[in-house]
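Residues per chain are reported as follows:
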Amino acid sequence: MPELAVYTDIDDLDPAPGVELLEDNGFRVRVLATRDPSEIAAAAAEATALLAGYAPVDAALLDRLPRLRIVSLLSRGSDTVDVAAATARGVWVAAVGDVAVEEVATHAWALTLALVRRLDYFALSARRDWLARPAPGPRRLSELTLGLIGLGRTGSRVAALAAGSVHRILGYGRGPTPPGVDAAPLAEVVARSDLLSLHLPLTAETAGLLDANLLATARPGAYLVNVSRGGLVDAEALAAALDSDRLAGAALDVLDVEPPPAGDRLAGHPKVLLTPHVAYLSDAAARDYVLTQARNVVHWRRTGRPLHPLAEPAARP
Ligand SMILES: NC(=O)C1=CN([C@@H]2O[C@H](COP(=O)(O)OP(=O)(O)OC[C@H]3O[C@@H](n4cnc5c(N)ncnc54)[C@H](O)[C@@H]3O)[C@@H](O)[C@H]2O)C=CC1
Ligand SMILES: O=C(O)C(=O)CO
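Let us look at the structure shown here.

Each value, and the rule that gives it
Residues numbered from 1 in each chain as written. Chains lettered and ligands numbered in written order. Predicted model: local features only at pLDDT ≥ 70, side-chain atom pairs only at ≥ 80, totals over all residues. Heavy atoms only, no water. Pairing = 2+ DSSP bridges. Helix = DSSP H or I, 4+ residues; strand = E, 2+ residues; numbered from the N terminus. Contact = heavy atoms within 4.5 Å. Axes fitted to C-alpha atoms, helices over the stretch in contact; angles between N-to-C directions. Core = buried A, V, L, I, M, F, W, Y, C linked by side-chain atoms within 4.5 Å. Buried < 20%, exposed > 50% of the residue type's maximum accessible area, 1.4 Å probe, protein only. Domains from an automatic or database assignment. Near = heavy atom within 4 Å. Polar contact = N/O pair within 3.5 Å; in protein donor to acceptor, adjacent residues only side chain to side chain. Nonpolar A, V, L, I, M, F, W, Y, C, P; charged D, E, K, R; others polar. Salt bridge = Lys/Arg side-chain N within 4 Å of Asp/Glu carboxyl O. Areas by Shrake-Rupley, 256 points an atom, 1.4 Å probe, with all protein chains shown as cover.

Structural notes on the sheet that holds strand S7 (residues 168–172)
Okay, step 1: The sheet built from seven strands is open, its strands ordered S8-S7-S6-S9-S10-S11-S12 with parallel pairing. Edge positions in the sheet fall to strand S8 (182–183) and strand S12 (272–274), since each of these pairs with one other strand and no more.
Okay, step 2: The pairing of S7 with S8 spans two bridges and is parallel. Residue pairing for S8: glycine 171 is matched across the bridge by alanine 183.
Okay, step 3: Each of strand S10 (222–226), strand S11 (247–252) and S12 is contacted by helix H10 (residues 235–243), which is oriented at about 135° to S11, the strand it contacts most.

Structure follows, in structure tokens:
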């Protein structure tokens, strides 16, 4: 009997290239469209490979999938998976590597420029009354300081896009400081930047990092861009900082609950420019995501390890 590979949810992407690759390599494939753990457990009880979108994969679900050997994510972020629980159970966790770094950085920089130039306002006013003077008005980019929080693949790429356009780039993060960025502690980046751009993973350490205390130290009239994960920011504190004009606006590609429930304070906030978790998206990247997710499984089956592992399994039963 061929091994079973199960897709949980695959967002709006077309799973066909991944399904074809898996079937060509001897897998039986089942494509679900659910994040519900009970539905996943029922459909994947025999599966050795789980291809997960945003469905949470925690210890309880893993315990219901006794034959599972690999979770392959449709993302660079791994906050939906309990990686420690998986590795403790002999299950590999793999992500999509460097796919769509360009797209995510471009999206973050595009959102930054849209805020600086007040494009959300002008796009509406041009159709409504043509002449318009928003408050606050557009800013002069070359006078502004960009503050990058997170200096990995995306943060570095945003720095490269912004270089030469802004007055200065401050950056907080671990690892090497990208060219053109002045390293600074988090508090200093927040206090001295006009444009804050978040590029951290969501972990136990970074959850709620931008809280009320930190937001209260932001430069008055600063803008915030978040294409990373909603959970990095305290949503209520951000809404309050926008209400009080501490922040002039925010551009968000991610929220702590997606899609947002009716009445979500940030999704409905007039000072928020919102995109529906599409920073990674281009036609090319959509295909790359789907194929890389499937390639991880195929590579694991051929060689014993996925192409882009996040952690080694601690035990291999
Ligand atoms: N909206 C979208 O479509 C997408 C969003 N993302 C999100 O963007 C996040 C960042 O992606 P990448 O740039 O590829 O990640 P990355 O792993 O290349 O960079 C993250 C950086 O943050 C640093 N870091 C981690 N914890 C830290 C802490 N507590 N303090 C300071 N620095 C810390 C790491 O050392 C690393 O340098 C992903 O984790 C994911 O959540 C990624 C792809 C698409
Ligand atoms: O790759 C990621 O982490 C994403 O958020 C893409 O949806």
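That shown, we press on.
A short note on the nonpolar core
Okay, step 1: Leu13, Leu22, Leu146, Leu148, Ile169 and Tyr289 are the most contacted members of the largest nonpolar core, which has 51 residues in total.
Okay, step 2: A domain split of this core shows at least three residues from each of domain 1 (3–99 + 283–311) and domain 2 (101–274).
Okay, step 3: Beyond its immediate stretch of four places on either side in the chain, leucine 13 contacts Leu74, Tyr280, Leu281, Ala286, Tyr289 and Val290.
Okay, step 4: Core analysis: the next-biggest nonpolar cluster, separate from the first, contains 28 residues, Val190, Leu196, Leu232 and Ala241 among them.

Quick notes on the site of ligand 2
Okay, step 1: Every residue lining ligand 2 is accounted for by Tyr54, Ser75, Arg76, Gly77, Arg229, His277, Tyr280 and Tyr289.
Okay, step 2: Within the side chain of tyrosine 54, one N or O atom sits 2.4 Å away from an oxygen atom of ligand 2.
Okay, step 3: At a separation of 2.8 Å, an oxygen atom of ligand 2 approaches a polar backbone atom of glycine 77.
Okay, step 4: A breakdown of the residues in the shell around ligand 2 according to their chemical character gives three nonpolar, three polar and two charged.

Some remarks on the sheet that holds strand S4 (residues 70–73)
Through backbone hydrogen bonds, the strands of a sheet pair up, either in parallel or in antiparallel fashion.
Okay, step 1: What the six strands build is an open sheet, ordered S2-S1-S3-S4-S5-S13; its pairing is mixed. Either end of the sheet is taken by a strand with one partner, and the two such strands are strand S2 (28–31) and strand S13 (309–311). Across the sheet, the mean angle separating the axes of adjacent strands is 25° when strand polarity is ignored.
Okay, step 2: Taken together, the four bridges between strand S1 (residues 4–7) and S2 define a ladder with parallel strand orientation. Along S2, the bridge assignment pairs valine 6 with arginine 30.
Okay, step 3: Of the strands in this sheet, S1, strand S3 (49–52), S4 and strand S5 (92–94) are in contact with helix H11 (residues 283–303), which crosses S4 at around 155°.

Let's talk about the pattern of salt bridges
A side chain with one charge may pair with a side chain of the opposite charge, provided their charged atoms come close.
Okay, step 1: Going through the model one piece at a time under the given rule, you end up with 18 salt bridges.
Okay, step 2: Between arginine 67 and glutamate 46 there is a salt bridge whose closest N-O contact spans 3.1 Å. On the criterion of sequence distance, the pair formed by arginine 67 in the loop between helix H3 (59–63) and S4 and glutamate 46 in the loop between helix H2 (37–43) and S3 is long-range, its members being 21 residues apart.
Okay, step 3: We classify arginine 67 as partly exposed; its relative accessible area is 43%.
Okay, step 4: Put simply, aspartate 245 and lysine 271 hold a salt bridge, and the shortest N to O gap is 2.2 Å. Here aspartate 245, found in the loop between H10 and S11, pairs with lysine 271, found in the loop between S11 and S12; they are 26 residues apart in sequence, far enough to count as distant.

Describing the environment of arginine 35
Okay, step 1: The topology assignment puts arginine 35 in the loop between S2 and H2.
Okay, step 2: Sequence-wise, arginine 35 and leucine 196 are 161 residues apart; in three dimensions their C-alpha atoms are separated by 32 Å.
Okay, step 3: The residues contacting arginine 35, other than those within four sequence positions of it, are Asp9, Ile40, Tyr54, Ala55, Pro56 and Glu258.
Okay, step 4: Side chain to side chain, arginine 35 and aspartate 9 meet in a polar contact 3.2 Å long.
Okay, step 5: A polar contact of 3.5 Å, which involves the side chain of arginine 35, links it to the backbone oxygen of glutamate 258.

Describing the site of ligand 1
Okay, step 1: Around ligand 1, the surrounding shell holds 23 residues, and the nearest of these are Arg76, Arg153, Thr154, Val227 and Asp253.
Okay, step 2: Within the side chain of arginine 76, an N or O atom sits 2.8 Å from an oxygen atom of ligand 1.
Okay, step 3: Side-chain polar atom of tyrosine 172 to a nitrogen atom of ligand 1: 3.3 Å apart, as the coordinates give it.
Okay, step 4: When the free accessible area of ligand 1 is taken as 870 Å², the share hidden by the protein chains comes to 87%.
Okay, step 5: For the shell around ligand 1, the class distribution of residues is nine nonpolar, eight polar and six charged.
Okay, step 6: The two domains that each donate at least three residues to the shell around ligand 1 are domain 1 (3–99 + 283–311) and domain 2 (101–274).

Focus: the pairing of S10
Okay, step 1: Burial analysis of S10 places five of its five residues in the buried class, which makes it a mostly covered element.
Okay, step 2: Neither face of S10 is exposed, since Ala222, Leu224 and Asn226 on one face and Tyr223 and Val225 on the opposite face are all buried.
Okay, step 3: Pairing of S10 with S11 involves five bridges; the strand directions are parallel. Note that in S11 the partner of tyrosine 223 across the bridge is glycine 249.

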